[in-house]
Amino acid sequence: MMEGSKMKICSSASTRLLWIMVPLILVSIFFAFGNSKNSTSLFSSSSWLFGSGKNNPAGGQPELVAVAVVNGVADREEAILEDYSFNSSISSSFSPLTAEADQESQQPVIIQRNETFNISLEKPNELPSLNETHDVPIEPKIKKKFSNLKKLEVKLGKARAAIKEAATSGNQTDDPDYVPYGPMYWNAKAFHRSYLEMEKQFKVFVYEEGEQPIFHNGPCKSIYAMEGNFIYQMETTKFRTRDPEKAQVFFLPISVTAIVHFIYDRNSKEHWNPMKQTLTDYINLVSGKYPYWNRSLGADHFMLACHDWGPELSKAVPFLYKNSIRALCNANTSEGFKPSKDVSFPEILLPGGTMYGLIGGPSPSHRSILAFFAGGLHGPIRPILLEHWENKDEDIQVHRYLPKGVSYYGMLRNSKFCLCPSGYEVASPRMVEALYMGCVPVLLKDHYVPPFSDVLNWKSFSVEVSIEQIPNLKKILSGISTRQYITLQRRGKQVRRHFEVNMTPKRYDVFHMILHSVWLRRLNMRLHGPEYL
């Protein structure tokens, strides 16, 4: 009994001890395994940084940026740089905005491919902790890639500023060939600076499309000779560029005189249609092949026409008529000529194709005739002139036809004033003939914009007489004193260089003055093309 009792007592004591020890053992085991998580392991393990799950296009797990951990040490820098290079290449392929590091501190930026996870490092040697995520907003810097058009406009803006400064300053640049001065120019300093700026940067692209004789060709010996001369010189000048991206303006090498000569059918009631269609087809051709016409709706394009029908044919293309720069001999404001947009250039007759024998004349004291005109009876003004003065006064020599043996150019050289009335159209070669031979031009015209009048003050070297004052012509011209006349003639000789036609163009001659007038119109406009980011 005693032993049995002891056995029961020991057994119960052992049981109680076992119940006490088991929990202690379990607790020890628990703490032992728990502490081992913070101990150094001989095995490699990995950890993951999760990007934000917001806006995940898949709607499931967010994309991951992996950072390897070896022996408990994170090789974060390598992982970050690898992910940056990968994501930056992806983002640049589809996004117009490029988030980039500051170039001065060379801060790396991580851009997740779905643009939901961004890590910005303030310093290159500081890395984000693995135990926390960073959601630092990045303000992307927009890197603008300016178009060639924008670059051209910047250069033109600098030219405008230089011209404006020259117009108001007292300084004028030296020039080995010619320095404009005097009242013949509205502002000689501004013109000189503008001309030099043109020489420095002006570039013209000449469309190569089109075949002769309608295109890239023109007359060189008739009163429309300036068409052929200009087209030829434009295609061989240093101002031409073969790269349209470098051009400020684009030239349409069309000869209206050639269109009239080869296409006009005087027997057809619809004679305008085939001529206008030729012009329309050409514009359609170049606008379909190149982007430049459509980019500006023709505003930076120009055509040149000395034929009387130039203004009418330009109406075939509405944007050509309304927007483009039209260089015209027939600069008639009543027929749509706009001085702020269009260019007036002179009609010059070169019987032999050159100026040979046309330049020069006697001094004023050897000019016995007060005024001279000889020409056909056409247009609204000439009948009035002939009605009042034809064969009626020795001082005012007005003829419909010159007597046999009388030289037309001889009469010009012996006259003080040369009458320049309009015919059917306002343009006339007599103005330039007068300047060539030292005769003061007398303009008898309505609605006419004289050549290069944006630069030249025609009232300083010519005489303008209204149509109503034709009956008083002798009184008006006789009232000009000898001193005044000598001044007018001397100024005319000075500006003559701007009307001279040289087979090899010279600075400030008529070719360069036409080009300068186009240059001024281009300066008067600003084109705004698309800017790509």
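Basis of the calculations
Residues numbered from 1 in each chain as written. Predicted model: local features only at pLDDT ≥ 70, side-chain atom pairs only at ≥ 80, totals over all residues. Heavy atoms only, no water. Helix = DSSP H or I, 4+ residues; strand = E, 2+ residues; numbered from the N terminus. Buried < 20%, exposed > 50% of the residue type's maximum accessible area, 1.4 Å probe, protein only. Contact = heavy atoms within 4.5 Å. Phe/Tyr/Trp six-rings, centres within 6.5 Å; stacked < 30°, edge-to-face > 60°. Lys NZ or Arg CZ within 6 Å of the ring centre and 35° of its normal. Pairing = 2+ DSSP bridges. Axes fitted to C-alpha atoms, helices over the stretch in contact; angles between N-to-C directions. Disulfide = S-S within 2.5 Å. Parallel < 35°, antiparallel > 145°, perpendicular 65-115°, else oblique. Nonpolar A, V, L, I, M, F, W, Y, C, P; charged D, E, K, R; others polar. pLDDT = per-residue confidence, 0-100. Salt bridge = Lys/Arg side-chain N within 4 Å of Asp/Glu carboxyl O. Expected span 1.5 Å × (residues − 1). Polar contact = N/O pair within 3.5 Å; in protein donor to acceptor, adjacent residues only side chain to side chain.

Student: Provide a residue-level description of the overall build of the protein, including the pertinent values.
Tutor: Looking only at helices and strands, the protein features 16 helices and 16 strands. For the protein, buried positions account for 46% of its 533 residues. Excluding contacts between residues fewer than 6 apart, the proportion of contacts in the protein whose partners are at least 24 apart in sequence is 68%.

Student: A description of the packing of aromatic side chains should follow, citing residues and the corresponding values.
Tutor: Using the criterion set out here, one finds 26 aromatic pairs in the structure. When the ring of Tyr290 is compared with that of Tyr292, the centres are 6.5 Å apart and the planes differ by 35°; the resulting orientation is tilted. By relative accessible area, which is 18% here, Tyr290 ends up buried. Residue class for Tyr292 comes out buried when judged on its relative accessible area of 6%. Among the aromatic residues, those joined into a cluster by ring pairs are Tyr178, Tyr185, Phe191, Tyr195 and Tyr508. The cationic tip of Arg497 hangs over the ring face of Tyr178; the distance from NZ or CZ to the ring centre is 4.0 Å.

Student: Before we move on, can you summarise the pairing of strand S12 (residues 369–374) with the specific residues and values?
Tutor: In terms of burial, S12 is largely enclosed, as six of its six residues are buried. Note: S12 against strand S14 (residues 415–421), three bridges, orientation parallel. By the bridge assignment, Phe372 is partnered in S14 with Cys418. In the sheet, S12 pairs with strand S13 (residues 396–399) via four bridges, with the strands oriented parallel. Bridge pairing links Phe372 to Gln397 in S13.

Student: An account of the sheet that holds strand S9 (residues 301–305) is needed here, citing residue identities and associated values.
Tutor: Spatially, the five strands line up as an open sheet ordered S7-S8-S9-S10-S11, and their pairing is parallel. Of all the strands in the sheet, the pair left with one neighbour each is strand S7 (204–206) and strand S11 (343–344). The sheet contact formed by strand S10 (residues 325–328) and S11 spans two bridges and is parallel. Across the sheet, residue Ala327 finds its bridge partner in S11, namely Val343. Each of S7, strand S8 (249–251) and S9 is contacted by helix H5 (residues 225–236), which is oriented at about 140° to S9, the strand it contacts most.

Student: Tell me about the state of the cysteines, and please be specific about residues and values.
Tutor: Here is the idea: a disulfide is a covalent bond, and it sits between the sulfur atoms of two cysteines. Inspection of every chain in the model, using the stated rule, returns two disulfides. Note that Cys306 is cross-linked by a disulfide to Cys329, the S-S spacing being 2.1 Å. Here Cys306 and Cys329 share a disulfide; its torsion about the S-S bond, -90°, makes the bridge left-handed. Highlighted residues: Cys306 in the loop between S9 and helix H9 (310–314) and Cys329 in the loop between S10 and S11, separated in sequence by 23 residues. Neither residue differs from the other here; Cys306 and Cys329 are each classed as buried. Between the sulfur atoms of Cys418 and its disulfide partner Cys439 the distance amounts to 2.1 Å. Taking the torsion about the S-S bond as the criterion, the Cys418 to Cys439 disulfide, at about 120°, is right-handed. Here the residue Cys418 occupies a position in strand S14, and Cys439 occupies one in the loop between helix H13 (430–436) and strand S15 (440–444), the gap between them amounting to 21 residues. Neither Cys418 nor Cys439 differs from the other in exposure class; each is buried. The cystine pairing of the protein, numbering bonded cysteines in sequence order, is 1-2, 3-4.

Student: Describe the packing of helix H4 (residues 188–201) against helix H16 (residues 510–523), naming the residues involved and giving the relevant values.
Tutor: Two elements in contact, H4 and H16, have axes whose closest approach is 10 Å; the angle formed by their N-to-C orientations is 90°. Between H4 and H16, the crossing angle belongs to the class labelled roughly perpendicular. Residues Phe191, Ser194, Tyr195, Glu197, Met198 and Gln201 of H4 form the contact with H16, whose own contacting residues are His512, Met513, Leu515, His516, Trp519, Leu520 and Leu523. In terms of residue class, the contact of H4 with H16 is built from eight nonpolar, four polar and one charged.

Student: Can you explain the confidence of the model for the protein? Please cite residues and give values.
Tutor: Averaged over all residues, the pLDDT of the protein equals 80, while 72% of them reach at least 70. Here residues 33–145 is a poorly scored stretch, pLDDT under 50, and it has 121 contacts once near neighbours within four places are set aside; other chains count.

Student: If you had to explain the pattern of salt bridges to someone new, which residues and values would you point to?
Tutor: In the structure shown here, the tally under the stated rule is 20 salt bridges. Of the charged contacts, one joins Glu199 and Arg507 as a salt bridge, the two residues approaching to 2.7 Å between their closest N and O atoms. Of the two residues, Glu199 is situated in helix H4 and Arg507 in the loop between helix H15 (482–495) and H16; the sequence distance between them amounts to 308 residues. Given the relative accessible area of 23%, Glu199 is considered partly exposed. One salt bridge in this structure joins Arg521 and Asp454, with 2.2 Å as the shortest N-O distance. Here the residue Arg521 occupies a position in helix H16, and Asp454 occupies one in the loop between S15 and strand S16 (463–464), the gap between them amounting to 67 residues. Residue classification places Arg521 among the buried positions, given a relative accessible area of 9%.

Student: Pulling in residues and values, what's your account of H4?
Tutor: Between its first and last C-alpha atoms H4 spans 20 Å; for 14 residues at 1.5 Å apiece the expected length is 20 Å, and the two agree. Among the 14 residues in H4, 11 count as buried, and that is most of the element. Ala188, Ala190, Phe191, His192, Arg193, Ser194, Tyr195, Leu196, Glu197, Met198 and Gln201 are the residues of H4 that are buried. The secondary structure elements touched by the buried residues of H4 are helix H3 (148–168) and H16. For H4, the capping residue at the N-terminal end is Asn187, with a side-chain oxygen 3.3 Å from the backbone nitrogen of Lys189.

Student: Break down the packing of H3 against H16 for me, with residues and values.
Tutor: Contact pair H3 / H16: the axes reach a minimum separation of 10 Å and the direction vectors enclose 105°. Judged by the inter-axis angle, H3 sits roughly perpendicular to H16. Along the contact surface, H3 presents Leu149, Glu153, Leu156, Ala159, Arg160 and Ile163, while H16 presents Trp519, Arg522 and Leu523. Considered class by class, the residues forming the contact of H3 with H16 number six nonpolar, no polar and three charged.

Student: Give a description of the environment of Phe205 that names residues and reports values.
Tutor: Checked against the element boundaries, Phe205 lands in strand S7. Classification of Phe205 by relative accessible area gives buried; the value is 6%. Each residue touching Phe205, except ones within four places of it in the same chain, is listed here: Thr241, Arg242, Asp243, Pro244, Ala247, Val249, Phe250, Phe251 and Tyr290.

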